[in-house]
Structure formats: structure tokens, C-alpha cells
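Each chain is listed here by its residues.
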Amino acid sequence: MTQYSISRQQGYVLHAGFLLVLLLVLGLGIAVQQVLLAQQETLLLKQQTARAEHLAQLLPQQPGWQALLAGQASKTEREGLQRLIEAFGPTYYQLSGTNGLPLLSAASDQEPTDLFPSPTSRKTVLVEAEDNSRVLTRVPVGEPAQASLEVVTPADSLEALATGTRRTVVVSMLLLLGVGLLALMLLDRWLLNRSRLQDIELARRAYHDDLTGLPNRVLFWDRLERACAHARREEKLVALVRINIDRFQRINHALGHAVADRVLMEMAQRLRNILRASDSVIRMCADDFAIIMGDVERKDEIEKAVLRLVEVADEPYLFDEHEIDITTRVGIAVYPVDHQEDEKLLMSADAAMQRAQKTGGRHIAFYTPEMGEGSAGRLRAEHGLRAALEQHQFELHYQPKVDSTSGSIKGFEALIRWQHPQRGLVPPLEFVPVLEESGLIIPVGEWVIREACAASNRWQAAGLPVLPISVNVAAPQFEQSNFTSRIQQILEESQAEPDNLEIEVTESCLMSDVATSARVLEELKSLGVRIAVDDFGTGYSSLSHLKRFPIDTLKIDRSFVTNVNDRASSDNASIVTAIMALSHSLRLNVVAEGVETARELAYLHALGCHTIQGFLFSRPVTEKEVMDLLRDTISMQEILAGVREELKA
């Protein structure tokens, strides 16, 4: 069915047109009423004229009429004539001479009086002319005189009445049309002004950010082009400054979007206040800003201005009961020193900002050519990773977790590998950071979980022992609002047992927002999956925090396992001892990662850590090799026996 819609302006016009038609109909009704009233008055006048003519025929036939004309009528004759005239109704007011003096009067000793009082200064006269014709006329008051007789009909009155009626109708219609046209002109003017205001507002919203009121990315290119053109003419510099709020998502998750929006608005206001009127502040996207600083003479001026800018932007933000501390990361590219093309200048500033985000100390970075080479390499890597996901170039390798007492395999950790068609097997350290920076870690992370569930089903279908598979989950994936529902969907679609899936989350990720992390872990636990804290010991968590998390396993970071047996060269032994005591008090399982020597294994075993993962037992292997290990349970026991022999020696 076809649907029709009209704009607001069209609605106004239709409404005004309806009102105009209503006004015209009202005016037409008034005109018709005037015509009907005129017709009624004309009919009444015709009736009065007919009665007057009839009276004019009857009066000469009455006794005393001639005496009345001669002024010799008796009282009885006058009264008879008066009764006759009154019988014809209020057609005439009196009988008088042609000059208006009364023809009917009282006694001779009294003043002459009219038979009927007249409401006006003119009198209706009915007399007889010399040719015996009857005259109906109105004449002014004066002395009685011989009647000059003339027949008068109401034709002139009727014509005057019709003319007046036509004029009334025409004037009424013209007035109504004038009012309607004036209303249309005013409405058109109002709509035009409103349309202009709406166009201005639409243009403003098209080129400005709704939240902060700053110019947006669309207007950014125009401002940058103007600044660079001015710099070319004046032979000066333009600084393009990119600003990012470090870990802004923490504010969203901990305090909500309303507080996060207030932080952005406050930062926008601070940037506007500190910069010159000739500088431009632009909101590029969520928590990213850009500043265009023109008319710069030297590079040190830029650094001085940016340092002051960062100082102001990083001051605490106070909202109600919240005091929020933020850190900004700033990248700077200079025109025409770094690049002369607008787009490449922005890419240079972005590369510098990314470098600043990776540095632990200084939060400001100027662009260097080495950054450009790194950015180009990351772009190529990102393109290759997208193709790898689409073309199924990723695969999982599995590293076993071994019981240090019996040598039996207790589970596996799934580790992603990239089988590049030209380069072969690409090390994870080369592509995993690119996955995290580009956001591809989310779809790739989901693929890893799906593939691990599918592998568990394949092993079970082959009649092999069913062991849990642990999967690493990156912070961006864990922080998704629908993370738990995605895990549930994968489990339902794969029909895998939840107890066979273990989710590994780093300690630093959990500590970024303790309350939210606890809630998500509770949701995961309700699905039946296992939960492990990866890289434990690096995130500064406390006993109170661990009690809030429904976790099953702590994985000791490999940095604490290396040379754990050598108390003289490191403090790793003390750290691992404390971790083991903490895990025992909370009744948690412990897995030591990165075990490579027999002495490390022996020391960990002595501390009560009986689950080992590392090259001492096995490197990560393919799925086919996993199935061979599960069929041959002797291999790990043989390795453990060899370790014991080595320790004895």
C-alpha cells in the first residue's frame, strides 16, 4: 500500500489554505445574507408601493377629499380620511400640500397639525394633479400652496437599494479577499523565515557536533585547508594536534554515559577557553579531538602551547559527588614540515597520537618519519588480517596443562596462529597487537571460542577424553555489553558442554572496573563455564577483590615463574609463595605458565602448584597432535619421569 507524507511547510500551507477557504465561505455567507435582506426590503417596499397606489385610487373617491384639498374639510371628513389611511398601515405618515404644509388641520383657532407625524424633515404627499393623476411624493415643509401634481414611483428607490446592495457585496468580498491575501503573505513570510532558520539549524548540525557544539569531522577539512592556505601565503607553520582521552571507556562503564558526556562537554569548553580565537577545536569522534593551530613561527611555540593545553585538560573533573581524573594522549604533526597534503597530515598526527598512547611516561609525541613507516605497516597488516578472517587462514594450536604428580593431561589452552599463504606461520606477537588496535580482536576472538567448542565436540565424537579448553579473552571483547549473551549463543549453536570451556581474562582487565567485571563473571558462571585469571600478579588485585570474583583458577604469569628456584637472583620465589598461599586460602586451582626447566617444576611442585604449562612438557601443537596425545597417555608420564631423573642427577 502506497504511503504519502507531507513536510511540515506543506502542512502549514494546507492549513492556511483551509483557513482562507473558510474565510471566503464566511464572506460569501455574509454577502448572501446581505442580498437576502435587500430582497426582503425590496419586497416590502413593493408591497408598500402597491398599498400606496391603491390608497391613491381610493382617496379621490372619498367624501371630503376635494374639501381637504381646498382646506375646507370638516372634522368628520378628516377623521374618515384618517381612518382610511390608517387602515393601509404605516405606508405614509401624513397628508400635506406640495410644499409640505399640512392639508389636514384642527380648528381655525388652532395651529395646523399633520394628520400623521413625520420622523423626518420631508413629508409624504398624496395629491391630485390637474390631469386627475395621483401623486405620491415627499417635499420639504413650507407654506400651504396650490398642489403641483406629479406621479412618483419607487423605481428610483429600488435602483438605489439594488446599487447599495451590490456595493455592499463587492466591498465585503474585496475586504475578505484582501484579508485572505494579507494572511497568505504573512504566512508565506513566516514560512520563509522558519525555513531559513531550519536551513541554518540543519547546516549547523551537519557541520557541528550535537553534544559539544564543536565543529565536526566534516568541517575539519575546510578549516584545515584554510589554515594551510594561509600558512603558505604567510610562510608560517600549522600545527595539527590530535587529542585522545586515555581509557575513556572506564568512565562509561563505571559512572554511565551521562557523566561521560559531561566530561566531554567540559573538556570541549576547556579547550575553547585556552586556545586563541584563530585556532579551531574539532571533535573528530567519541573521545578524540583535533586542534588546528595556525600562524605559528617556530616549533617550540607549538610544544609550549600543547603542554599548557594538556595541563588544563588533565585537571580533575568535578561533577556532583564524582571527582574524575583523566589522562590525555597527544600527537602533533606540523605543516608543511611533516606533510603538505591535508589527509597525510592527519594520518601523521594520528600516528604520533598512537605512539603517545603506547608510551608509559610522556603523553605528547611529535610526528617522525619512522612513525609513518610503522603506520603503513600496520595498515597492511590490518588488511591482511581482515582477509585472513574471511579466507579462514587462522587456526588454533593447543598447549597441554599437565599434572606434575601423575603426568596426566588436565586440559589445554587454545592459542591462535596465522597461516599466511606467502609468509607461512606468523608469530602471534606480530599480529595480535594489530587485532587489538583495529578492533578485529572482537570477531577473531569469537571465532576462537567457536573453534574451541567445535574441537571439543570433535574429540568427544572420536571417543577421546573430554578435557576443558581455555580461551584467552581480550579486554575489548570482555567489555562488550553483550559479551555474556554472545558466549551463550555460541554454546547453544555448537551444542558444546559449558564445563568444557574456560574463559581466561587478564588480571589488569578485571581490575579496570571491578564492579562491572564481577557482574560479567557472575553471568558467565551462571552459564556453567569455567573462569581463570590470566597473568596473575601483574594487576595489583587484592584479596577483597578476588573474593568478589567467582573464579576457578589463577594462572601465575610466566615472568614470575622464570628462575623461581633461584632466590639469590630474583624475588620470584617470594611472589609465587604468596600467590600459592592466597590461592590455597581461597580454594582456587593454580596453573604455572612458562615452565621450561626441571628445577622450576620441582620448586613449584614443592610449593603445592601441581598444574604445569610450558615448553618443559610440550609446545603448542596442532589439533591432530592433540588427538595423538590423548590416545597415548604415556608420553607425558615419560617426560615427567625424565624430569625426575634429571633432578636426581
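Residues numbered from 1 in each chain as written. Predicted model: local features only at pLDDT ≥ 70, side-chain atom pairs only at ≥ 80, totals over all residues. Heavy atoms only, no water.

When you look at the overall build of the protein in this model, what are you seeing that I'm missing?
Within the protein, the regular secondary structure consists of 22 helices and 18 strands. Evaluated residue by residue, the protein yields a buried proportion of 42% over its 649 residues. Sequence-distant contacts, at least 24 apart, represent 66% of the contacts inside the protein between residues at least 6 apart. Of the roughly 35100 Å² of accessible surface on the protein, 54% is carried by carbon and sulfur atoms. (Helix = DSSP H or I, 4+ residues; strand = E, 2+ residues; numbered from the N terminus. Buried < 20%, exposed > 50% of the residue type's maximum accessible area, 1.4 Å probe, protein only. Contact = heavy atoms within 4.5 Å. Areas by Shrake-Rupley, 256 points an atom, 1.4 Å probe, with all protein chains shown as cover.)

I would appreciate a short explanation of helix α14 (residues 483-494) in the present structure.
Side chains three or four residues apart in an α-helix point the same way, a direct result of the helix having 3.6 residues per turn. Under the 1.5 Å per step criterion, the end-to-end length of α14 is 17 Å for 12 residues, consistent within 8% with the ideal 16 Å. By the burial criterion, the buried members of α14 are Phe483, Thr484, Ile487, Ile490 and Leu491. One side of α14 holds all its buried residues, which, seen down the axis, span an arc of 125°. Contacts made by the buried residues of α14 are with α12 (441-461), β13 (469-473), α13 (475-478), β14 (501-506) and α16 (514-527). (Expected span 1.5 Å × (residues − 1). Arc of directions from axis to C-beta.)

Can you walk me through the sheet that holds strand β4 (residues 280-285) in this structure?
Paired through backbone hydrogen bonds, the strands of a sheet run either parallel or antiparallel to each other. Read from one edge of the open sheet, five strands run β4-β5-β3-β8-β9, paired in mixed fashion. In this open sheet, the two edge strands, each paired with only one partner strand, are β4 and β9 (364-366). Strand after strand, the sheet turns through a mean of 20° between neighbouring axes, direction not considered. Direction of pairing for strand β8 (residues 328-335) relative to β9: parallel, over a ladder of three bridges. (Pairing = 2+ DSSP bridges. Axes fitted to C-alpha atoms, helices over the stretch in contact; angles between N-to-C directions.)

I tried to follow the environment of Phe289 on my own but got confused; where do I start?
The topology assignment puts Phe289 in strand β5 (residues 288-296). Among the residues examined, Phe289 registers a relative accessible area of 0% and is labelled buried. Once the C-alpha coordinates of Phe289 and Ala268 are considered, the two residues, 21 residues apart in sequence, prove to be 8.5 Å apart. Those residues in contact with Phe289 that lie beyond four places of it in its chain are Leu214, Val241, Arg242, Ile243, Ile245, Leu264, Met267, Ala268, Leu271, Ile282, Arg283 and Met284.

Looking at this structure, I do not really get the side chain of Asp287. What am I missing?
Structurally, Asp287 is set in the loop between β4 and β5. One buried charge, Asp287, has no salt-bridge partner; the nearest side chain with opposite charge is Arg283, at 7.4 Å. Each residue touching Asp287, except ones within four places of it in the same chain, is listed here: Ile243, Asn244, Ile245, Phe248 and Leu264. (Lys, Arg positive; Asp, Glu negative; His and termini not counted. Salt bridge = Lys/Arg side-chain N within 4 Å of Asp/Glu carboxyl O.)

Looking at this structure, I do not really get the nonpolar core. What am I missing?
One broad trend across soluble globular proteins is that nonpolar side chains are buried collectively. Counting residues in each nonpolar core, the largest one holds 85 residues, and the members touching the most others are Trp459, Phe478 and Leu524. Top contributing element to this core by residue count: α12, with eight residues. The residues contacting Trp459, other than those within four sequence positions of it, are Tyr398, Phe412, Leu464, Ile469, Glu623, Val626, Met627 and Leu630. (Core = buried A, V, L, I, M, F, W, Y, C linked by side-chain atoms within 4.5 Å.)

Just checking my understanding: could you explain unusual backbone geometry for this structure?
A negative phi angle characterises most non-glycine residues, just as the trans form characterises most peptide bonds. Cis geometry is found at the peptide bond from Tyr335 to Pro336, where omega equals 0°. Relative to the helices and strands, Pro336 is located in the loop between β8 and α9 (342-358). Of note, His392 is a non-glycine position whose phi angle comes to about 60°, a positive value. By secondary structure assignment, the location of His392 is in the loop between α10 (369-390) and β10 (394-403).

How should the packing of aromatic side chains be read in this particular structure?
Between two aromatic rings, the relevant description is the distance of the centres plus the angle of the planes. All told, the structure shown has nine aromatic pairs when counted by the stated rule. For the ring pair Tyr317 and Phe319, a centre distance of 6.5 Å and an interplane angle of 35° mean the geometry is tilted. You can call Tyr317 buried: its relative accessible area is 0%. Assessed through its relative accessible area of 8%, Phe319 is described here as buried. Between Phe412 and Trp459, the aromatic rings sit 5.7 Å apart at their centres with planes inclined by 65°, giving edge-to-face as the arrangement. (Phe/Tyr/Trp six-rings, centres within 6.5 Å; stacked < 30°, edge-to-face > 60°.)

Explanation requested: the pairing of β8 in the structure shown.
Two faces, one strand: in a regular strand the side chains alternate between the faces of the sheet. The buried count for β8 comes to eight of eight residues, which makes it a mostly enclosed element. In this sheet, β8 lies alongside strand β3 (residues 237-245) in antiparallel orientation, the contact comprising eight bridges. Bridge assignment links Arg242 to a residue of β8, and that residue is Gly331.

When you look at the packing of helix α5 (residues 217-234) against α9 in this model, what are you seeing that I'm missing?
Think of two packed helices as two axes; the pair is described by the angle between the axes and how far apart they sit. Between α5 and α9, whose axes approach to 10 Å, the crossing angle comes to 110°. Between α5 and α9, the angle is such that the two are roughly perpendicular. In contact with Arg217, Phe220, Trp221, Leu224, Glu225 and Cys228 of α5, α9 contributes Asp342, Glu343, Leu345 and Leu346. Partitioned by chemical class, the residues of the contact of α5 with α9 number six nonpolar, no polar and four charged. (Parallel < 35°, antiparallel > 145°, perpendicular 65-115°, else oblique. Nonpolar A, V, L, I, M, F, W, Y, C, P; charged D, E, K, R; others polar.)

Explanation requested: helix α7 (residues 257-274) in the structure shown.
For α7, spanning 18 residues, the distance from its first C-alpha to its last is 26 Å, which sits close to the expected 26 Å at 1.5 Å a residue. Along α7, the residues that are buried comprise Val259, Ala260, Val263, Leu264, Met267, Ala268, Arg270 and Leu271.

I tried to follow a nonpolar patch on the surface on my own but got confused; where do I start?
On the surface, Leu28, Val32 and Leu36 cluster together to form a nonpolar patch covering roughly 260 Å² of accessible area. For Val32, the location among the structural elements is in helix α1 (residues 8-58). Val32 gets classed as partly exposed once you look at its relative accessible area, which sits at 41%. (Patch = residues over 30% accessible without salt bridge, like charges linked within 9 Å, V, L, I, M, F, W, Y side chains within 5 Å.)

Explanation requested: the confidence of the model for the protein in the structure shown.
Detail in the predicted coordinates should be disregarded across regions flagged by low pLDDT. In this model, the protein carries an average pLDDT of 78, and 74% of its residues clear a pLDDT of 70 or more. Mean pLDDT per element in the protein: strand β2 (residues 134-140) is the minimum at 40, and β13 is the maximum at 95. This model gives residues 1-6 a pLDDT under 50, and the stretch forms two contacts once residues within four places in sequence are excluded. Overall, residues 90-156 carries pLDDT values under 50, and its contacts beyond four positions in sequence, including any with other chains, amount to 143 contacts. (pLDDT = per-residue confidence, 0-100.)

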